Amino acid sequence: MDRIRIVGGNKLTGSIPISGAKNAALPLMIASLLTEETLTLDNVPHLADVEQLIRILGNHGVDYSVNGRREEQNTAYARTIHFTAHDIVDTMAPYELVSKMRASFWVIGPLLARMGEAKVSLPGGCAIGTRPVDLFIDGLQALGAAIDVENGYVLAKAKRLRGNRYVFPKVSVGATHVMMMAASLAEGETVLENAAREPEVVNLAECLNAMGAKVYGAGSSTITIEGVDRLHGARVTVIPDRIETGTYAMAIAMTGGDVMLEGARADLLQSALDVIAQTGAEITPTNSGIRVMRNGAGITPVDVTTEPFPGFPTDLQAQFMGLMTMAKGRSRITETIFENRFMHVQELARLGAHINLAGQTAIVEGVTKLKGAPVMATDLRASVSLVIAGLAAEGETIVNRVYHLDRGFERLEQKLSGCGATIERISG
Ligand code: UD1
């Protein structure tokens, strides 16, 4: 199994190309199930989760072809992929596939809307809480679907979905994606209230509209969808990854240095950038990306609470905790989205961090130095928080279970070593 070896202590200087967002690419790929014509996606990142979803979609009958564009060493590896779901050959998504990636559960929406039925395994995915699917079931029932849960599978049926008003009892990104896709092919108008406002929801709405759907209001908490009879092919660009952007910004805020995050968009993560600026880094949005600098002064502790967009994202919570481990004082980090997302705490402690948990809040007492150690993590964002801490720690840190990183960070070690970090992958 691959490991990442880091020798900490170097400042980061240079530029890092920001990849297309994993969390936008996945629902856009799934939207290809809605039409027999070709959906072309630009700026698709090369990640294990994307490859896994290609396999899952292939099972349903989606063909794909890739126009690769491998550019020179330190630039993005943006791919254009064409997806064509000419015939849906199977409306069943088996446990073996869905359990590897939770987002693949989302195929339930387009399969049901286009084919009138879907049988999708209950998901697995990151071990960050129970992550139920009640909102999906509730929402699709509101659109007239008959749903049974049997032997670990959700069976959904509807001759044709009917538009309706649905108020999400809780904000859910995935359930908003699924309801938008399902309602696009429903009969009549659907109004979704308390919808997720994440940029990935907006990207999916743009994609659906380019395919001929009538989705209004994405990005606000009320989304209106006028159902249409069919959708057609389209070409859509995946937005830049705001979590990757925030992760590297935090790495620079921690090690010090001066890096241009090429292609990053500040409007996708303003709340996180505001927090990073409060810690003492200088953040300058430019035409080509976001410049992040920290020179001289130490790291100021800042309290954060995770919230749905536009609040501070849960997917940056672990990384921010990494940064706070070396702040000049105490910070409090409260997680409100997932109930079990502090698994990085004990690993950060192995590097010398002082963190106490009080329910959903982590109280971090900044230390003046961290020391490298072997660590491992149990989810994607937690793993990268250990990379950030390792970059600032004295000596060698070995991060085990790199497959978590490969799910969501494209060419992480190349991007960081290109900015002066000592970081390498050890195979085997
Ligand atoms: C997506 C992101 C993930 C991010 C999360 C929150 C992708 C591929 N993943 O995950 O990286 O951390 O948004 O920003 O885009 N919930 C229920 N019932 C449901 C569905 C969700 O109770 O039926 C709960 C979840 O357990 C969680 C909360 O709602 O507590 C928010 O989860 P949700 O927004 O649905 O996360 P995902 O879409 O799975």
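Residues numbered from 1 in each chain as written. Predicted model: local features only at pLDDT ≥ 70, side-chain atom pairs only at ≥ 80, totals over all residues. Heavy atoms only, no water.

Trainee: What exactly am I supposed to notice about the site of the ligand here?
Mentor: Taken together, 20 residues are adjacent to the ligand, and Asp 134, Ser 172, Val 173, Asp 315 and Ile 337 come closest. A distance of 3.1 Å is found between an oxygen atom of the ligand and a backbone nitrogen or oxygen belonging to Pro 132. Within the backbone of Gly 174, one N or O atom sits 2.8 Å away from an oxygen atom of the ligand. Surface burial for the ligand is 91%, taken as the share of its 740 Å² of free accessible area covered by protein chains. Looking at the shell around the ligand, the elements that each hand over two or more residues are helix H5 (134-142) and helix H6 (173-184). The leading source of residues in the shell around the ligand is H5, at 3 residues. In terms of residue class, the shell around the ligand is built from 10 nonpolar, 4 polar and 6 charged. (Near = heavy atom within 4 Å. Polar contact = N/O pair within 3.5 Å; in protein donor to acceptor, adjacent residues only side chain to side chain. Areas by Shrake-Rupley, 256 points an atom, 1.4 Å probe, with all protein chains shown as cover. Helix = DSSP H or I, 4+ residues; strand = E, 2+ residues; numbered from the N terminus. Nonpolar A, V, L, I, M, F, W, Y, C, P; charged D, E, K, R; others polar.)

Trainee: Is there a simple way to think about the sheet that holds strand S9 (residues 153-157) in this case?
Mentor: Picture the strands of a sheet paired through backbone hydrogen bonds; they go either parallel or antiparallel. With mixed pairing, the 4 strands of this open sheet are ordered in space as S6-S7-S9-S8. Edge strands, defined here as strands with exactly one partner in the open sheet, are strand S6 (92-93) and strand S8 (146-150). Both S8 and S9 contribute to a ladder of 5 bridges, which runs antiparallel. Bridging from a neighbouring strand, Ile 147 pairs with Ala 156 of S9. (Pairing = 2+ DSSP bridges.)

Trainee: Teacher, can you tell me more about the layout of surface pockets here?
Mentor: The gaps of empty space that remain are located by a probe, the size of a water molecule, rolled over the atoms. Estimated volume of the second largest pocket: approximately 260 Å³. In this structure, the second largest pocket is lined by 14 residues; those nearest its centre are Met 254, Thr 255, Arg 294, Ile 299 and Met 326. Sorting the residues of the lining of the second largest pocket by element identifies helix H8 (242-255) and helix H12 (380-392) as the ones contributing at least two each. Residue composition of the lining of the second largest pocket, by class: 7 nonpolar, 5 polar and 2 charged. (1 Å grid on protein atoms, 1.4 Å probe; cavity = no way out; pocket = protein on both sides within 12 Å on 5 of 7 lines; lining within 4 Å. Points joined across faces, edges and corners; volume = space filled by probe spheres on them.)

Trainee: Hey, could you run me through the side chain of Arg 341 in this one?
Mentor: Here Arg 341 lies in the loop between strand S19 (330-334) and helix H11 (344-350). Among the polar contacts listed, one links the side chain of Arg 341 to the side chain of Thr 314, at a separation of 2.7 Å.

Trainee: Explanation requested: the pattern of salt bridges in the structure shown.
Mentor: Close approach of charged atoms lets side chains of opposite charge pair. Tallied over the full model, the rule gives 22 salt bridges. Among the salt bridges present, the one from Arg 265 reaches Asp 267, with a minimum N-O distance of 2.9 Å. For Glu 347, the salt bridge identified is with Arg 350, shortest N-O distance 3.9 Å. Taken together, the positions of Glu 347 and Arg 350, both in helix H11 and 3 residues apart, correspond to about one turn of that helix. Since its relative accessible area comes to 11%, Glu 347 is described here as buried. By sharing partners, the salt bridges in this structure join Asp 2, Asp 406, Glu 413 and Arg 425 into a single network. (Salt bridge = Lys/Arg side-chain N within 4 Å of Asp/Glu carboxyl O. Buried < 20%, exposed > 50% of the residue type's maximum accessible area, 1.4 Å probe, protein only.)

Trainee: Could you clarify how one ought to interpret the packing of helix H1 (residues 22-31) against helix H2 (residues 48-60) in this entry?
Mentor: It is the contact of H1 with H2, at a shortest axis distance of 10 Å, that shows an interaxial angle of 10°. Taken together, H1 and H2 sit at an angle that is classed as roughly parallel. Seen from H1, the contacting residues are Lys 22, Leu 26, Met 29 and Ile 30; seen from H2, they are Asp 49, Val 50, Leu 53, Ile 54 and Leu 57. Tallied by class, the residues present in the contact of H1 with H2 amount to 7 nonpolar, no polar and 2 charged. (Axes fitted to C-alpha atoms, helices over the stretch in contact; angles between N-to-C directions. Parallel < 35°, antiparallel > 145°, perpendicular 65-115°, else oblique. Contact = heavy atoms within 4.5 Å.)

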